[in-house]
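The primary structure of each chain is shown beneath.
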Amino acid sequence: MLRFDDATRTLELGVHDLLEAGPPSGHLSMQAAWSARARMRAGQQAHVAWQGARAEADAAFQREVTIRHRCIVAGWEVLVQGRVDGLSQEGEHLVVEEVKSTALPGGRLSTMGADAFPSWTRQLQLYLYFLSAEGRPALGRLVLISLADGFQRLLHVPADPSLGAWLDRQLTWIITEREQRQAWLAVRRAGPVPFAHPDWRPGQQRLSQEVAEALQQGRHLLLTAPTGYGKTAAVLHGALQVAWATDRRVFFATARTTQQRMAEEALRAMAARGLPLRAVSIRAREKICLNEVVACRPDACQHAVGYYDKVRDGRLSERAWALPGAFGQVGADEVVAIAGPATACPFALTLDLVRSADVVVGDYNYVFDPAVRLEPFQEGAGEWIVVVDEAHNLPDRAMGYASPRIDLSMVRQAVDALSTDPRYQGVLDVARAIERWLEGGAEQARQQGGEVALPLDDGLSRAEVRQLAQDVDAVAMDYVLLKHERPLFGQGQLGAGGLDPWLEVARGVLRVRSALERAGEETVCIWRAGPEGQGGGRQRGLFGGGGGDCSLSLLCRDPAPVLRPLFAELAASVQLSATLEPPDFFLDAAGIPAQRRLVARFPSPFPPEHRRVVVLPQVSTEYRHRARDRQATADLVSRTVRAVPGNCAVFCSSFALRDDLLPLLDLGERPVLVQDRRMSEAARAELLATMARGQGHVLLGVLGGIFAEGVDLPGAALLAAVIVGPALPMADLERKLLQQWYQDKTGHGFRYASLVPGMARVVQAAGRVIRTPQDKGAIVLIDQRFLRSEYQGFFPEDWVVRRGRVVEEELAGLWG
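Residues numbered from 1 in each chain as written. Predicted model: local features only at pLDDT ≥ 70, side-chain atom pairs only at ≥ 80, totals over all residues. Heavy atoms only, no water.

## Some points on the overall build of the protein
- Scanning the protein from terminus to terminus reveals 30 helices and 26 strands.
- Radius of gyration (C-alpha) of the protein: 30 Å, near the 28 Å computed for a compact globule of 816 residues.
- Taken along its principal axes, the extent of the C-alpha atoms in the protein is 105 × 70 × 50 Å.
- Relative to its full complement of 816 residues, the protein shows a buried share of 56%.
- Residue pairs at least 24 apart in sequence account for 78% of intrachain contacts in the protein once pairs closer than 6 positions are excluded.
- Accessible area of the protein: about 34200 Å², with a carbon and sulfur share of 49%.
- The positive charge centre, built from 92 side chains, and the negative charge centre, built from 96, are 3 Å apart in the protein. (Helix = DSSP H or I, 4+ residues; strand = E, 2+ residues; numbered from the N terminus. Rg over C-alpha atoms; globule rule 2.2 N^0.38 Å. Buried < 20%, exposed > 50% of the residue type's maximum accessible area, 1.4 Å probe, protein only. Contact = heavy atoms within 4.5 Å. Areas by Shrake-Rupley, 256 points an atom, 1.4 Å probe, with all protein chains shown as cover. Lys, Arg positive; Asp, Glu negative; His and termini not counted. Charge placed at Lys NZ, Arg CZ, Asp CG, Glu CD.)

## Considering the packing of aromatic side chains
- Across all of its chains, the model carries 19 aromatic pairs by this definition.
- Plain terms: the ring middles of Y307 and Y308 are 5.1 Å apart, the flat faces sit at 75° to each other, and that makes the pair edge-to-face.
- Judged by relative accessible area, Y307 falls into the buried class, the value being 0%.
- We classify Y308 as partly exposed; its relative accessible area is 22%.
- Joined through ring pairs, the aromatic side chains of F585, F586, Y742 and Y752 make up one cluster.
- The ring of W244 is capped by R188, whose NZ or CZ atom sits 4.0 Å from the centre of that ring. (Phe/Tyr/Trp six-rings, centres within 6.5 Å; stacked < 30°, edge-to-face > 60°. Lys NZ or Arg CZ within 6 Å of the ring centre and 35° of its normal.)

## So, the sheet that holds strand 14 (residues 405-407)
- Read across the open sheet, the 4 strands follow the order 14-17-16-15; overall the sheet is antiparallel. Each end of this open sheet is capped by a strand with a single partner; those strands are strand 14 and strand 15 (451-455). Looking at each pair of strands side by side, their axes are set apart by 20° on average, direction ignored.
- Across 3 bridges, strand 14 lies against strand 17 (residues 551-556) in antiparallel orientation. Paired with I406 across the strands is L552, a residue of strand 17.
- Helix 18 (residues 425-447) contacts strand 14, strand 15, strand 16 (523-528) and strand 17 of the sheet and is inclined by roughly 85° relative to strand 16. (Pairing = 2+ DSSP bridges. Axes fitted to C-alpha atoms, helices over the stretch in contact; angles between N-to-C directions.)

## Let's talk about the sheet that holds strand 21 (residues 648-652)
- Strands sit in the order 22-23-21-24-25-20-26 across an open sheet of 7 strands; the sheet is parallel. Each edge of the open sheet is held by one strand with a lone partner, namely strand 22 (672-674) and strand 26 (801-803). When strand polarity is set aside, the average angle formed by the axes of neighbouring strands in this sheet is 20°.
- Where strand 20 (residues 611-616) and strand 26 come together, 3 bridges link them in parallel fashion. Residue V614 lies in a different strand from strand 26, and its bridge partner there is R802.
- Contacting strand 21, strand 22 and strand 23 (698-702), helix 26 (residues 681-692) runs over the sheet at an angle of about 155° to strand 22.
- Running over the sheet, helix 28 (residues 749-766) touches strand 21, strand 24 (720-724) and strand 25 (777-782) and is turned about 160° from strand 24.

## A look at the pairing of strand 13 (residues 384-388)
- The element strand 13 is largely enclosed, with a buried count of 5 among its 5 residues.
- Of the two faces of strand 13, the one holding W384, V386 and V388 and the one holding I385 and V387 are both buried throughout.
- The pairing of strand 9 (residues 249-254) with strand 13 spans 5 bridges and is classified as parallel. Considered in strand 13, the bridge of F252 is made with V387.
- In terms of strand pairing, strand 13 meets strand 18 (residues 572-577) through 4 bridges, oriented parallel. Residue pairing for strand 18: V388 is matched across the bridge by Q575.

## A short note on the side chain of R658
- Along the chain, the position of R658 falls in helix 25 (residues 655-661).
- Under the relative-accessibility criterion, R658 is labelled buried at 6%.
- In this structure the side chain of R658 is engaged in a polar contact, spanning 2.7 Å, whose partner is the side chain of D659.
- Excluding its chain neighbours within four sequence positions, the residues that come into contact with R658 are C652, V674, Q675, L700 and G701. (Polar contact = N/O pair within 3.5 Å; in protein donor to acceptor, adjacent residues only side chain to side chain.)

## Overview of the pattern of salt bridges
- By the definition in use, this model includes 52 salt bridges.
- A salt bridge links D247 to R189; the shortest N-O distance between them is 2.6 Å. Taken together, the residues span a long stretch of sequence, with D247 in the loop between helix 7 (231-246) and strand 9 and R189 in helix 5 (residues 163-190) at a distance of 58 residues.
- A salt bridge links R624 to E622; the shortest N-O distance between them is 3.6 Å.
- Here R624 falls in the exposed class, since its relative accessible area comes to 64%.
- With a relative accessible area of 16%, E622 lands in the buried category.
- Members of the salt-bridge network, linked through shared partners, are R54, E90, E97 and R141. (Salt bridge = Lys/Arg side-chain N within 4 Å of Asp/Glu carboxyl O.)

## Considering the environment of F151
- As for its position among the elements, F151 is in the loop between strand 6 (138-146) and strand 7 (152-157).
- Among the residues examined, F151 registers a relative accessible area of 31% and is labelled partly exposed.
- F151 sits 350 residues away from P501 along the chain, and the two C-alpha atoms are 31 Å apart.
- Residues within four places of F151 in sequence aside, it is in contact with G106, L109, S110, L144, I145 and S146.

## Details of the packing of helix 6 (residues 204-216) against helix 7
- Between helix 6 and helix 7, whose axes approach to 8 Å, the crossing angle comes to 35°. With respect to the hand of their crossing, helix 6 and helix 7 are arranged in right-handed fashion. Here Q204, L207, S208, V211, A212, L215 and Q216 of helix 6 come into contact with helix 7, specifically with A233, A234, V235, H237, G238, A239, Q241, V242 and T246. (Left-handed = near helix turned anticlockwise from the far one by under 90°.)

## Let's talk about the packing of helix 7 against helix 8 (residues 257-272)
- At their nearest, the axes of helix 7 and helix 8 sit 9 Å apart, and the two run at 55° to each other. Considering the angle they form, helix 7 stands oblique to helix 8. The handedness of the crossing between helix 7 and helix 8 is right-handed. Note on element contacts: helix 8 touches helix 7 through M262, A263, A266, L267 and M270, opposite T232, A233, L236, H237 and L240.
- For the contact of helix 7 with helix 8, a count of residues per class yields 8 nonpolar, 2 polar and no charged. (Parallel < 35°, antiparallel > 145°, perpendicular 65-115°, else oblique. Nonpolar A, V, L, I, M, F, W, Y, C, P; charged D, E, K, R; others polar.)

## So, helix 6
- With 13 residues, helix 6 should reach 18 Å at 1.5 Å per residue; the first-to-last C-alpha distance of 18 Å fits that figure.
- Within helix 6 the residues assigned to the buried category are Q204, L207, S208, V211, A212, A214 and L215. Projected down its long axis, helix 6 carries its buried residues within an arc of 165°, all on one side. Across helix 6 from its buried face, at more than 90 degrees, point the exposed residues E213 and Q216.
- In this structure, the buried side of helix 6 is in contact with strand 8 (220-224), helix 7, strand 13, strand 18 and strand 19 (597-601). (Expected span 1.5 Å × (residues − 1). Arc of directions from axis to C-beta.)

Encoded structure:
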């Protein structure tokens, strides 16, 4: 770890910091399903075994000897220290031994020299240089141990007479980077943080001030304000004020790509008004990939070949920050424009830019998912302020991170492919062990009617999971090396999204092990027995549960164990949404202690007479009543749409309900836009552009979908939202288990498991109407349940709800 003291101009660092300094070179690394802990454990075992054998053979052998070296570079006093694996005296010579483990087999190691391992050789030469500076010249010996077969190779490493110059260059690079970073922070601190727009909307300035005060105190603020308030711009203004004053960084976390664009627009506007800014947006790997298949390996993608050399030689990072007209805001299009012509990986370049960015905009996963969390958060979360947009989505997402699933069909796909090449026999043996394990669990579920949920210790053997994970670790590097020599999975054998079936299975086993290590009573084990061999095609439920395949799932019913450790380390945070009721539910879900909690609510700034909220209770969309009321529901939707003199959006509680009503709708000559289940970003943008023209279109979408949250449709773009049924989650096994958990812990099982997420989607969809003080709009709620007090308790306080029977009369005169 680098330790700078800018006041005294001193620097302390380790040898590994020196070796890692400077831009890396070579290719993007190959993928391996091997936990970092397993790699470290295997290497440590090899080290200990070697040192033990050396100590037994030589009583004077010294292990883990600390060496320090002091020097002056660029006016800084530098202390470098490292730890030698072994130090011995052989005749008149002092010998330094550096032990390294590798996945390479002995046959290959026996033909390789020290020049094949430049980083390890350089580390050993540094120790020789430090000892020579103390007047203790020494010889170097690099000990290579194969983790594949235990083969050992000893290589003589001579001292490098030019090492002093190399050391000076590395330290100069580190110090220069530090000085440039400090200079940039000084530029940030030099001026005020401008607001994104020339004028504040009513309430925005007070909101920004409250955010700044909470973050300055290191608090975690839960902020509720209605849609259309301008929360994004106001919160970013407050967050950046604190970050710029305290030399911190901001991550703006979103659940959807559409929400990222609002943050990007606000940041670009602030930069255009004079804010010194380096901001980068992260798009999902598969959405930004320039290769035919998402496979970040030099043998499968030309954009991975020599990636680091391309970035260094082409100065791609520097060019990205200096793009004309971008104002320091680098989005997906800008990254592709820089990386594409250089045949470099856009996703990897994005992650490189994250390291020097002031603000990062990206999905929740990059902060909250322990499996994919960005490296800067792992190195020091205290440097970050996190803004969680549409935070009502966070609890479910976090529970999903701790709810891994393994499908038997994917295991069998891996087994079939591995069986075609005898060189993969070791990996095949592990895959078949996983297959037998899942078949045993599926048989248990079959005896219980097809699916069974059990406490962890009743549902599976932790020891068996640990053994399977160890077996996966043991063959991981063998698989990578074999795959490099002869790729096993052709284009037709890859899973969905171009995924390698074995890697997916192996990672699933490792995620199950990881989840078990932190799981408590909140987590249950679910075994499912689908039709033999193939999935049954059932819709998946909570966190991808359900489905027709034989599978193992872990269901985490409390997100706090996942979120608590990160929130404890963060400098501060803001969770914002229009739907964060009740606040204690969301704060408890994040595991935030009482002393760091803060709650703020902001009322709607818009004239209440501009909004008309009507409940039409003549029908029920409950599944048991859906067929009975299908025609009547379609008639109410049709009449409501015809009563709106402009754009209208109909949001149903599910795709199934929407598709059920679609043939019965009578919308006259109104042009209709239908939300597809899977829409490309281009198709989404085209639909929103059509709505923005305000030509009387009718959007048929779903609650919780891409057009019901996080999109801005002001003025004529949307005059009314027709909401057909509350979007209560599907009552599958997972949801019932979640309800049982909340009932036992809080006494509010149905409220927390179903009403909170369902009514959040309703209020979010309603918020697409009325985005400015001039807008007038209607919210029409079709379902008798919207009259019940437990449902209306989630309505915003400023809603004045009418019970209507003739919708045309209820909406008459609203738009003049």
